[in-house]
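Spelled out from the first residue to the last, the chains are:
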Amino acid sequence: MTTSLTDVGLYTEGGHRDLWAWLRQNEPVRWEPLPSRPGEGFWAVTRYADVERVLRDSDTFTSEQGTLVNLLGKGDPAAGRQLAATDPPQHDRLRLPLNEALHTRAIGSLEPDVRAGVRRLLEPGLDGGPFDFAAAMRRLPMIAMTPLLGLPEGDTDELIRLVSMCNAEEDPDHQIGGDVQETLKHGHRELFAYFTDLIRDRRRRPTDDVIGLMLAARVDGEPFSVSSIISNCYSMLLGASGTLPHVPTAAVAHLAPIGGYRAWAADRDQLGNGIEEALRWATPASNFMRYTRRSVVMHGVSIPSGSPVVAYLGSANFDPDVFVDPERFDVARSPNRHLGFGVGRHYCVGSHLARFVLRILFQEMFASIDDVTVVEPVVRFQSTFLNGIKQLTVVASPTDRALRQAGA
Amino acid sequence: MTIEMHAVDDADPSSLEQEIVSIWAAMLELDSVEVDEDFFELGGDSLMAAELQIQIDRRFGVEVPASVIYRTPTIAQLARAVRSARCDEERSRVQA
């Protein structure tokens, strides 16, 4: 199969899953040349066991030279300073305050805000008219990030716009002058400017949100540098905004046409398992890059030291060696050792928060929407990194309870 | 005292620029920098820009919006923003 993993059209059409399946079967370690940079490329691994090994073994596969394919050959300026681009032991020190903030604080105190926010998102869909579920879900992460980071409510729209430039820079909808690099640069610098101003302000007026926690944190007696706090805010916002919306959209787009939404909504016992299955099915961050620190042999292929290796989590999550009948969305699947949040030291720091928000979202959806019909062709994002849907126009059938509340 | 210092800057408009030149040169590990060169083209990155901003806050005692360094990353523009922030501060001090 000659199709390239770097071909954005493949992902837009949804053909990437076929290519992943072919690679898992026939070419588990493949050299993928970069069309934009002659002579350069990366090693692609697509089987579950190999993806897991690359992500777990940070002694062999380092994160400190960039973890995103679009940084290939450029190095990552955040190397060693930002969670995702840092190896242990520095990684574990950086992660500590974030971990604490995103585990304990987030869960309890955000619930009323998140539930009210979710109801506001779903409400326009309860009138029986066409409703872009994907557009509504793009606002979902900000419902949690706004109180978590203590962001002003009025900034939400602008932040969503900037985040889209950084996360889906290949998509013409967000581009500046049709230029990918210019779009990335603009989104990235504006977000940095935003957080630089915000954090300077918070140093004068401390708050008890996650930013306040990072500012107050000391590791071995030393505070975090302002730039590392900015960088972590940036990656938290991008991490949440670029990924979370794609979990419910992928689930609804797949389940609705086959009667699966109605069935899941009626089976409350499967809320948790179904969410895990939606995470497996969606795998929004479909790949991450590492660099070899020594030469490695995988499946008889010799990978030299200092080479980029890209682990396709999206492919691993459909590996039939690990998942029975992987092409079936099974809301009762258990066990479900999916890699939707990654694996190893870099396991998504926001996983608790994501599960918490998804739980509230699906509780509220099942309480207010019996069934969903997809009424227009689904439009996928143009991205070789983020696996997701841009437009999902649906008509929802409200539950009796939702109708009573609307009538009241 | 502040007003006197400001007068010195006005008399010698390049001194503020010179101070920023030395901050940039140290950060970018360069011998010299022209006032209209682009911070990012000289090898600066977004994290260094944030650190630069903090150093400027500290050195000049005023805060300029971070959009200046990220949108118009030259010493000339930064110096202009620092002057304007000082003017604003003086004005508010006089009013207070």
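Figured I'd write up the structure that's included with this text. These numbers come from a predicted model, not from an experiment. (Residues numbered from 1 in each chain as written. Chains lettered and ligands numbered in written order. Predicted model: local features only at pLDDT ≥ 70, side-chain atom pairs only at ≥ 80, totals over all residues. Heavy atoms only, no water.)

1. Brief notes about the interface of chain A and chain B
Interfaces are often sized by the amount of accessible area the parts lose when they come together.
Inference 1: Each partner contributes to the interface: chain A provides 18 residues, whereas chain B provides 17 residues.
Inference 2: A buried area of about 1500 Å², summed over both sides, lies between chain A and chain B, and 56% of it is on carbon and sulfur atoms.
Inference 3: Across the contact surface, chain A and chain B share four salt bridges.
Inference 4: Our count for the chain A to chain B interface comes out at seven residue pairs in polar contact (both at pLDDT 80 or more).
Inference 5: Looking at the side of chain A that touches chain B, the elements that each hand over two or more residues are helix H9 (180-204) and helix H11 (226-243) of chain A.
Inference 6: It is H9(A) that contributes the most residues to the side of chain A that touches chain B, 10 residues altogether.
Inference 7: The residue makeup of the side of chain A that touches chain B, split by class, is six nonpolar, five polar and seven charged. (Contact = heavy atoms within 4.5 Å. Buried area = accessible area lost by both parts, 1.4 Å probe. Salt bridge = Lys/Arg side-chain N within 4 Å of Asp/Glu carboxyl O. Polar contact = N/O pair within 3.5 Å; in protein donor to acceptor, adjacent residues only side chain to side chain. Helix = DSSP H or I, 4+ residues; strand = E, 2+ residues; numbered from the N terminus. Nonpolar A, V, L, I, M, F, W, Y, C, P; charged D, E, K, R; others polar.)

2. Side note on the state of the cysteines
All names here are of chain A.
Inference 1: The final tally for this structure, using the stated rule, is zero disulfides over all chains.
Inference 2: Left without a disulfide partner, cysteine 348 is nearest to the cysteine sulfur of cysteine 233, which lies 15 Å away.
Inference 3: Take cysteine 348: its relative accessible area is 29%, and that puts it in the partly exposed class. (Disulfide = S-S within 2.5 Å. Buried < 20%, exposed > 50% of the residue type's maximum accessible area, 1.4 Å probe, protein only.)

3. Here's the deal with the sheet that holds strand S2 (residues 41-45) of chain A
Residues and elements named next belong to chain A.
Inference 1: In space, the five strands of this open sheet follow the order S1-S2-S10-S7-S3, with mixed pairing throughout. The sheet is open, and its two borders are formed by strand S1 (29-33) and strand S3 (61-62), each paired with just one other strand.
Inference 2: The pairing of S3 with strand S7 (residues 287-292) spans two bridges and is classified as antiparallel. The residue of S7 that forms the bridge with phenylalanine 61 is threonine 292.
Inference 3: Relative to the sheet, helix H3 (residues 48-56) contacts S2, S3, S7 and strand S10 (308-312), its axis offset from that of S10 by approximately 125°. (Pairing = 2+ DSSP bridges. Axes fitted to C-alpha atoms, helices over the stretch in contact; angles between N-to-C directions.)

4. Quick look at the sheet that holds strand S11 (residues 369-374) of chain A
Residues and elements named next belong to chain A.
Inference 1: Pairing is antiparallel in the open sheet, where three strands are placed in the order S4-S14-S11. Each edge of the open sheet is held by one strand with a lone partner, namely strand S4 (131-132) and S11.
Inference 2: Direction of pairing for S4 relative to strand S14 (residues 393-398): antiparallel, over a ladder of two bridges. When the bridges of S14 are listed, phenylalanine 131 appears paired with valine 394.

5. Some words on the pattern of salt bridges
Inference 1: Inspection of every chain in the model, using the stated rule, returns 29 salt bridges over all chains.
Inference 2: One salt bridge in this structure joins A:Arg328 and A:Asp330, with 3.7 Å as the shortest N-O distance.
Inference 3: Judged by relative accessible area, which is 45%, A:Arg328 ranks as partly exposed.
Inference 4: A single network of salt bridges, built from pairs that share partners, joins A:Asp197, A:Arg200, A:Asp201, A:Arg204, A:Arg205, B:Asp57 and B:Glu63.

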